[in-house]
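In case you want the letters, here they are:
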Amino acid sequence: METILEQMNGEVFGVWFLIGAALVFWMQAGFAMVETGFTRAKNAGNILMKNLMDFCIGCVVFIVIGFGLLLGEDLLGFIGKPGFDIFTAYQDFDWSNFIFNLVFCATTATIVSGAMAERTKFLSYCVYSGVISALIYPIEAHWIWGGGWLSQMGFHDFAGSCAIHMVGGIAALIGAKLVGPRLGKFERDKKGRVTKVKAFPGHNIVIGALGVFILWLGWYGFNGAACTSVDQLASVFVTTTIAPSVATVVCMLFTWLKYKKPDVSMCLNASLAGLVAITAGCDVTDAFGAIVIGAVSGLLVCFGVWLLDYKLHIDDPVGAVAVHMMNGIWGTLAVGLFATTSAPGNDTLTGLFYGGGFSLLGIQFVGFVSVAAWTAVCMLIVFGLIKKIFGLRVTEEEEIEGLDSKEHGLSSAYAGFSIVDMTDAAMETNENTSIGAESYEEASEAARNAAVRVENISGTLTGTSLETGMNKVVIITKLSRYDKIKRALNELGVTGITVTQVTGCGIQKGTGQMYRGVEMDMTLLPKIKLEIVVSKIPVEKVIEAAKKTLYTGKIGDGKIFVYPVSRVVKIRTGEENYAALQDVE
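Quick caveat: nothing in here was measured; it's all calculated off a predicted structure.

*Asks:* Before we go on, may I ask you to explain the overall build of the chain in this structure?
*Replies:* The secondary structure content of the chain amounts to 19 helices and eleven strands. Of all 585 residues assigned to the chain, the portion counted as buried reaches 52%. Pairs at least 24 apart in sequence give 79% of the contacts found in the chain among residues at least 6 apart.

If you want it as structure tokens, here you go:
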């Protein structure tokens, strides 16, 4: 009976191993959503294509050489012996390990996509993806998981903080540096020194958040698939839940205190940072260790984004370097600090803070330095050769117009939807915008005119500008005032209104908002434009009603334009001018 139960247990965890691999594959969708949401709409299709090809190209080269280098017969502790057992001895092939390590390999490759987004040639990216999946990742992963020299030393990286995330993060850092920043990201003076960092908000934070939740779900397979007992699996689930939760709370509090508002995109990054950091030691840490690891990662991701923007001047649109490289390093070293034998399945590893001394920490440090050096040297060579042979960056024209159209012939990834690239929709009161009187009745005529300016192109308001007696009134105001102005005009007798969403700017400076620690320029603001043509209703009544409704006591409440209309024709009936307007006023 005991033998039967052991066999059944092995079968159950064998199935779970494959389910875990499927969850890790599903993480490709998460990466695609995060990267797409954090970048601009004109490049959405390009990013989706890169994430798709990371897996597909990775699968091809992993079959040919990658799998053998990773899990083939160990050669001097450095590489596995390449082989073609998948073709020559398929009946005895290790199918489970192949698919499991393939999905991990694809994860490593796709980390770079976000850091180099919006300005990298698709061909060059495909070449990079093939090389890292065929050679760079399999060799260092062999050191750790394939019986190589690091595993022989006792180096511990249960699910890939070092082997996957740090490696992908270092590749992302080098790639982003060599390809250069997106146009307009950094303003420079005549001497080439950066004088200002600009924010490029992601076009769809909703998709980005969905991607984070997909990744978090997939991480339970990422960290838990290799577990061999129920207790160990449950403990891994606990630490994999605690670390990102704590990281996100810490990041929220930090951004709230520093930037006066909790930053949505940074908190999403923090969730991933906590997951990355706990990955190496998820099986050997307890709840306290997971809390500390998560807290540090929540601060480290904020520091990493700031460091790249303000000190290194490297453009990383999605925070891949801060999330994966920095927290991959931290998670690798944290094993040497927080490993404890109280974790189920760990009988040997004890970290510094649990009485184990510096031995394990030293081994983890050697592993981190070795893998980091291997990755950095290889990626400098790979990206250098790609840059020389194919070129890394698209042309300025292609970058401005978007990679969807220029690289893929895709007019838009959102066919049928109207996408407007807005920087921010809020304007705070400050010395440049406040007039001083919040009530329309209490405000002086000058204050009213300053808040809602009227440009009467037709002539004076008290006379008719043309013999037709018809005028077109265009009102531009804030989105938030739409319902009020619509009701006011309707009460006045206006029933025909054309409404358009627009963006624009005025002379007011506004107060910049913070996006990922970078102040955004308040130049283009979302507005609403209402157009009406009146004849029976006096123009001055329309203007007065609009001014009273829109007034808040701040410059930028709106602007009203009055134009003469020479002729109006109703298509259905053929009526013209005054008669044509009677059922729309």
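*Asks:* Looking at this structure, I do not really get empty space enclosed by the protein. What am I missing?
*Replies:* Tallied over the entire structure, the rule returns three cavities of 30 Å³ or more. By volume, the largest cavity amounts to about 150 Å³. Surrounding the largest cavity, 17 residues form its lining, K185, D309, D316, P317 and R516 being those nearest its centre. The dominant element in the lining of the largest cavity, judged by the number of residues it contributes, is helix 11 (residues 287-312), at four residues. A class-by-class count of the residues in the lining of the largest cavity yields nine nonpolar, two polar and six charged. Approximately 100 Å³ is the volume found for the second largest cavity. Together, F31, V34, E35, I111, G114, N269, L272, V318, G319, A320, V323 and H324 line the second largest cavity.

*Asks:* Sorry if this is basic, but what is going on with helix 10 (residues 264-279) here?
*Replies:* At 3.6 residues per turn, the α-helix brings residues three or four places apart onto the same side. Compared with the 22 Å implied by 1.5 Å per residue over 16 residues, the 23 Å span of helix 10 between its first and last C-alpha is a close match. In terms of burial, helix 10 is largely enclosed, as 15 of its 16 residues are buried.

*Asks:* What exactly am I supposed to notice about the packing of helix 4 (residues 95-115) against helix 5 (residues 122-145) here?
*Replies:* In helix packing, the relevant descriptors are the interaxial angle and the interaxial distance, both defined with respect to the helix axes. Contact geometry of helix 4 with helix 5 gives a least axis separation of 9 Å together with a crossing angle of 125°. On the basis of their axis angle, the class for helix 4 and helix 5 is oblique. Of the two possible hands of crossing, helix 4 and helix 5 adopt the one that is right-handed. Along the contact surface, helix 4 presents N101, F104, C105, T108, A109, T110, V112 and S113, while helix 5 presents Y125, Y128, S129, I132, S133, Y137 and W145. In the contact of helix 4 with helix 5, the residues fall into nine nonpolar, six polar and no charged.

*Asks:* Any chance you could explain a nonpolar patch on the surface here in plain terms?
*Replies:* Together, L123, V377, I381, L385, I389 and F390 line one region of the surface with nonpolar side chains, adding up to about 580 Å² of accessible area. If one sorts the elements of the nonpolar patch by residue count, helix 13 (residues 359-389) sits on top with four residues. Considering the arrangement of structural elements, one finds L123 in helix 5.

*Asks:* Help me understand the confidence of the model for the chain in this model?
*Replies:* When pLDDT drops low, the exact placement of atoms in the prediction is not to be read closely. Overall, the predicted model of the chain reaches an average pLDDT of 89, with 89% of residues at or above 70. Considering only residues more than four positions removed or in separate chains, one finds that residues 422-433, a stretch of pLDDT under 50, has 36 contacts. Counting interchain partners and residues more than four positions distant, the pLDDT-below-50 stretch residues 461-465 has seven contacts.

*Asks:* So what exactly am I meant to see when it comes to the environment of T500 here?
*Replies:* Within the fold, T500 resides in strand 7 (residues 498-504). Residue classification places T500 among the partly exposed residues on the basis of a relative accessible area of 30%. Placed 28 residues apart in sequence, T500 and I528 show a C-alpha to C-alpha distance of 5.9 Å. Excluding residues within four positions of it along the chain, T500 makes contact with K527, I528, K529 and E531.

*Asks:* Looking at this model, I keep getting lost on the packing of aromatic side chains. Mind explaining?
*Replies:* The description of an aromatic ring pair uses the distance of the two centres, along with the angle that the planes make with each other. The final tally for this structure, using the stated rule, is 25 aromatic pairs. A ring pair is formed by F104 and F222, whose centres lie 4.5 Å apart and whose planes are at 20°; its orientation type is stacked. Placement of the pair is F104 in helix 4 and F222 in helix 8 (residues 205-224), with a sequence separation of 118 residues. Judged by its relative accessible area of 3%, F104 falls in the buried class. Given the relative accessible area of 2%, F222 is considered buried. For the pair W219 and F222, a centre-to-centre distance of 5.4 Å together with 45° between the ring planes defines the contact as tilted. With a gap of three residues between them, W219 and F222 both fall in helix 8, about one helical turn apart. Connected via pairs of aromatic rings, a cluster forms that spans F17, F100, F104, W145, W219 and F222.

Quick notes on the rules
Residues numbered from 1 in each chain as written. Predicted model: local features only at pLDDT ≥ 70, side-chain atom pairs only at ≥ 80, totals over all residues. Heavy atoms only, no water. Helix = DSSP H or I, 4+ residues; strand = E, 2+ residues; numbered from the N terminus. Buried < 20%, exposed > 50% of the residue type's maximum accessible area, 1.4 Å probe, protein only. Contact = heavy atoms within 4.5 Å. 1 Å grid on protein atoms, 1.4 Å probe; cavity = no way out; pocket = protein on both sides within 12 Å on 5 of 7 lines; lining within 4 Å. Points joined across faces, edges and corners; volume = space filled by probe spheres on them. Nonpolar A, V, L, I, M, F, W, Y, C, P; charged D, E, K, R; others polar. Expected span 1.5 Å × (residues − 1). Axes fitted to C-alpha atoms, helices over the stretch in contact; angles between N-to-C directions. Parallel < 35°, antiparallel > 145°, perpendicular 65-115°, else oblique. Left-handed = near helix turned anticlockwise from the far one by under 90°. Patch = residues over 30% accessible without salt bridge, like charges linked within 9 Å, V, L, I, M, F, W, Y side chains within 5 Å. Areas by Shrake-Rupley, 256 points an atom, 1.4 Å probe, with all protein chains shown as cover. Salt bridge = Lys/Arg side-chain N within 4 Å of Asp/Glu carboxyl O. pLDDT = per-residue confidence, 0-100. Phe/Tyr/Trp six-rings, centres within 6.5 Å; stacked < 30°, edge-to-face > 60°.

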